[in-house]
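Structural overview for review
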Amino acid sequence: MRTKRSPWLGLHSLLMIIFIYVPILFIILFSFNDSRLSAEWRGFTLDWYVSLFDNDHVMDALQNSLIVAVISTIAATLLGTMAAIAVRRVTRRLKLGMSGLLYLPIVIPDIIMGLSLLVLFRLLGVDTGKTTIIIAHITFSMSYVYVVVSSRLAGMGKQLEEAAQDLGASSWQTFRHVTLPQITPGIISGALIAFTMSLDDFMVSFFVSGPSSTTLPIYIYGQVKRGISPEINALCTILILVSVTLIFLAQYMLNRGKGQKKQKMLPF
């Protein structure tokens with residue numbers, strides 16, 4: 001029986017989309033404005049993008065963000081994947097406890113996590129800088145990789161692995177030729193999400209960054225306090241495009257992995 005959908009639900013969804021995405025569209029639009037004032041439109045220009053890449057402070061912040069994102073993504077992908085594989089092999093009771101701990105960085109508010117990491121680094125006598133930002137990003141990025149890879153493992157089942165072992169394959173051969181190819185789309189997707197989260201993170205980075213480790217989100221925050229300029233709009237537009245592209249790539253990899261799994265299950 002087909003249920004009747006309330007018209008208020010569609011209106012509510014439309015208003016939510018407008019509330020979320022219209023401000024983003026204004027940022028993108030005014031990044032091409034020929035005026036320094038966002039209150040008026042004076043024509044189309046690309047000058048703000050040219051001046052943005054000529055800004056040494058922006059380039060330094062971009063370099064710091066890329067270094068942190070690349071290193072933390074590699075480490076988080078390895079740790080998150082190993083955690084997903086390890087948790088899959090433990091007992092159910094232990095699995096619930098370990099999964100809860102790995103989910104905590106996602107559930108805990110960013111401000112609490114940033115403050116707790118800052119306190120930890122102070123107690124250990126570690127100076128804040130790129131190293132502390134990388135460690136902090138690995139801490140929460142690993143959880144996102146774990147969630148994606150563990151869901152991939154759960155959907156894969158254990159039949160193929162058990163069949164390979166019955167045919168005489170060792171544990172390493174089973175992992176190399178059976179498990180790893182099956183979870184590779186999930187690993188790549190988790191890595192893309194981890195890179196996006198690291199590149200866009202502000203709150204945690206703000207607490208654990210040092211004077212010479214300013215990332216792009218921190219730089220944007222510092223500039224916005226002086227007023228929103230077209231250069232900031234241009235920088236935000238680039239970050240939005242990069243983030244959206246990476247998220248679509250991550251979703252594409254997940255969908256591709258699901259498609260490959262369905263094809264392998266077909267008898268023809």
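Residues numbered from 1 in each chain as written. Predicted model: local features only at pLDDT ≥ 70, side-chain atom pairs only at ≥ 80, totals over all residues. Heavy atoms only, no water.

In this section: the overall build of the chain. From N to C terminus, the chain includes 11 helices and 0 strands. In the chain, the succession of helices and strands from N to C terminus is α-α-α-α-α-α-α-α-α-α-α. In terms of overall dimensions, the chain has C-alpha extents of about 70 × 60 × 35 Å along its principal axes. A fraction of 72% describes how many contacts in the chain between residues 6 or more apart in sequence connect residues 24 or more apart. Total accessible area on the chain stands at roughly 16600 Å², and carbon and sulfur atoms take up 68% of it. Put simply, the chain has 22 plus and 14 minus side-chain charges, and the middle of one group is 18 Å from the middle of the other. (Helix = DSSP H or I, 4+ residues; strand = E, 2+ residues; numbered from the N terminus. Contact = heavy atoms within 4.5 Å. Areas by Shrake-Rupley, 256 points an atom, 1.4 Å probe, with all protein chains shown as cover. Lys, Arg positive; Asp, Glu negative; His and termini not counted. Charge placed at Lys NZ, Arg CZ, Asp CG, Glu CD.)

Residues Trp 8, Leu 11, Leu 14, Leu 15, Ile 18, Val 22, Leu 25, Phe 26, Leu 29, Trp 41, Phe 44 and Leu 46 make up a contiguous nonpolar surface patch of roughly 1200 Å² in combined accessible area. Along the polypeptide, Val 22 turns up in helix α1 (residues 7-30). (Patch = residues over 30% accessible without salt bridge, like charges linked within 9 Å, V, L, I, M, F, W, Y side chains within 5 Å. Salt bridge = Lys/Arg side-chain N within 4 Å of Asp/Glu carboxyl O.)

Right, let's talk about the confidence of the model for the chain for a bit. Mean pLDDT over the chain works out to 84, with 92% of the residues at or above the 70 mark. Within the model, pLDDT remains below 50 along residues 262-268, and this stretch shows 1 contact once partners closer than five positions in the same chain are excluded. (pLDDT = per-residue confidence, 0-100.)

This part is about a positive patch on the surface. A surface patch of like charges, here positive, comprises Arg 89, Arg 92, Lys 95 and Lys 158. Topologically, Arg 92 is positioned in helix α4 (residues 92-107).

Here the focus is the side chain of Ser 150. Within the element layout of this structure, Ser 150 appears in helix α6 (residues 130-156). Judged by relative accessible area, which is 19%, Ser 150 ranks as buried. Of the polar contacts made by the side chain of Ser 150, one reaches the backbone oxygen of Val 147; its length is 3.0 Å. (Buried < 20%, exposed > 50% of the residue type's maximum accessible area, 1.4 Å probe, protein only. Polar contact = N/O pair within 3.5 Å; in protein donor to acceptor, adjacent residues only side chain to side chain.)

Since one α-helical turn is 3.6 residues long, residues separated by three or four positions face the same way. With 27 residues, α6 ought to run about 39 Å at 1.5 Å a step, and its terminal C-alpha atoms sit 38 Å apart, in line with that. Thr 139 marks where α6 bends most, by close to 25°. Directly beyond the C-terminal end of α6, a positive phi value near 75° is found at Gly 157. (Expected span 1.5 Å × (residues − 1). Bend = angle between axes of the 7 residues up to and from the residue.)

On to the packing of aromatic side chains. For the coordinates displayed, the defined rule picks out 9 aromatic pairs. A centroid spacing of 4.9 Å and a plane angle of 45° characterise the contact between Phe 202 and Tyr 221, whose relative ring orientation is tilted. Of this pair, Phe 202 sits in the loop between α8 (171-200) and α9 (203-208) while Tyr 221 sits in helix α10 (residues 216-224); the two residues are 19 residues apart in sequence, bridging distant segments of the chain. For Phe 202, a relative accessible area of 22% corresponds to the partly exposed category. Ring pairing ties together the aromatic residues Phe 202, Phe 206, Phe 207 and Tyr 221, which thus form one cluster. (Phe/Tyr/Trp six-rings, centres within 6.5 Å; stacked < 30°, edge-to-face > 60°.)

Here we take up the nonpolar core. Counting residues in hydrophobic clusters, the biggest one holds 21 residues, and the most contacted among them are Val 58, Leu 216, Tyr 219, Ile 220 and Leu 235. Looking at this core, the elements with two or more residues in it are α2 (47-53), α3 (56-88), α8, α10 and α11 (230-265). Here this core takes 7 residues from α11, the largest share from any one element. Discounting residues that sit within four places of it in the chain, Ile 220 has contacts with Ile 232, Leu 235, Cys 236 and Leu 239. (Core = buried A, V, L, I, M, F, W, Y, C linked by side-chain atoms within 4.5 Å.)

What follows is about the packing of helix α7 (residues 159-166) against α8. Contact geometry for α7 and α8: axes closest at 10 Å, N-to-C directions at 165°. Of the possible angle classes, the one that applies to α7 and α8 is roughly antiparallel. In the packing of α7 onto α8, the handedness of the crossing is right-handed. Contacts from Leu 160, Glu 161, Ala 164 and Gln 165 in α7 reach Thr 174, Val 178, Thr 179 and Gln 182 in α8. Residues of the contact of α7 with α8, tallied by class, amount to 3 nonpolar, 4 polar and 1 charged. (Axes fitted to C-alpha atoms, helices over the stretch in contact; angles between N-to-C directions. Parallel < 35°, antiparallel > 145°, perpendicular 65-115°, else oblique. Left-handed = near helix turned anticlockwise from the far one by under 90°. Nonpolar A, V, L, I, M, F, W, Y, C, P; charged D, E, K, R; others polar.)

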